[in-house]
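Coordinate inspection notes
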Amino acid sequence: GAGVSQSPSNKVTEKGKDVELRCDPISGHTALYWYRQSLGQGLEFLIYFQGNSAPDKSGLPSDRFSAERTGGSVSTLTIQRTQQEDSAVYLCASRPPGQPYNEQFFGPGTRLTVL
Amino acid sequence: KNEVEQSPQNLTAQEGEFITINCSYSVGISALHWLQQHPGGGIVSLFMLSSGKKKHGRLIATINIQEKHSSLHITASHPRDSAVYICAGLGHGGSQGNLIFGKGTKLSVKP
């Protein structure tokens, strides 16, 4: 079956522009996560959606970052007024319903480069 | 100090060697996730475990909740095992579900 997909795979933008990154989770997965991996750094949590509950936004680094999940499926991560330090690989993961410690399935990521 | 610490940071092994990667955590977690990230960035889930031991092929993961420690073992290592191995703790409570990541262990297996 289809895995988690993300688009675009690569995005190059100029400082100050807005970008939108898309994640299509595995069908039926109720939990969706966004993570970021900066060059030479580990992965860091950004935001977590679980069903119809209010998202856990505790990992968003600034108010320039926002995310939404429409219809409990596709999610979009938006970065406004991009800065060079936003350059990173943005990863999306989804998890099937049930226990939080069901495994998460990761997408291939979107590599964002801010010039 | 990071909440999830891995050791070693880098590991070079000869094909066939038995490999151990360690993960210690200082936060309360409900489970621990081992991930594999290949060159090119794709991340694959290896194990999620909350107690005891799990085995899949040549990979074995163990966790000791009381000692806040987990290990990933690879038996009969092969060059295709070369990757970054990441452990991540699954948070409790309000952050239930999100992962707290270690910085990864870069494994290189030489033929």
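Reading the values: rules and limits
Residues numbered from 1 in each chain as written. Chains lettered and ligands numbered in written order. Predicted model: local features only at pLDDT ≥ 70, side-chain atom pairs only at ≥ 80, totals over all residues. Heavy atoms only, no water. Salt bridge = Lys/Arg side-chain N within 4 Å of Asp/Glu carboxyl O. Helix = DSSP H or I, 4+ residues; strand = E, 2+ residues; numbered from the N terminus. Pairing = 2+ DSSP bridges. Axes fitted to C-alpha atoms, helices over the stretch in contact; angles between N-to-C directions. Contact = heavy atoms within 4.5 Å. Buried area = accessible area lost by both parts, 1.4 Å probe. Polar contact = N/O pair within 3.5 Å; in protein donor to acceptor, adjacent residues only side chain to side chain. Nonpolar A, V, L, I, M, F, W, Y, C, P; charged D, E, K, R; others polar.

**Quick notes on the pattern of salt bridges**
All names here are of chain A. Considering all chains together, one arrives at four salt bridges over all chains under this definition. In this structure, arginine 64 and aspartate 86 form a salt bridge, with 2.8 Å as the shortest nitrogen-oxygen distance. Note that arginine 64 is positioned in the loop between strand E5 (43-50) and strand E6 (65-69) and aspartate 86 in the loop between strand E7 (75-79) and strand E8 (88-95), a separation of 22 residues in sequence.

**Some words on the sheet that holds E6(A)**
Residue and element names in this part refer to chain A. Read across the open sheet, the four strands follow the order E1-E3-E7-E6; overall the sheet is antiparallel. The outermost strands of the open sheet, each flanked by one partner alone, are strand E1 (5-7) and E6. Averaged over all pairs of adjacent strands, the angle between strand axes in this sheet comes to 15°, irrespective of strand direction. Across five bridges, E6 lies against E7 in antiparallel orientation. Residue pairing across strands places serine 66 opposite threonine 78, the latter belonging to E7.

**Structural notes on the interface of chain B and chain A**
Every contact between the two is made by 19 residues of chain B and, on the other side, 17 residues of chain A. A combined buried area of about 1,600 Å² lies between chain B and chain A, and 59% of that area is made up of carbon and sulfur atoms. For the pair chain B and chain A, the number of links is zero salt bridges. The tally of links from chain B across to chain A stands at two residue pairs in polar contact (both at pLDDT 80 or more). If you tally residues by element for the side of chain B that touches chain A, the top one is strand E5 (residues 43-49) of chain B, at five residues. Taken together, the residues of the side of chain B that touches chain A break down into ten nonpolar, eight polar and one charged.

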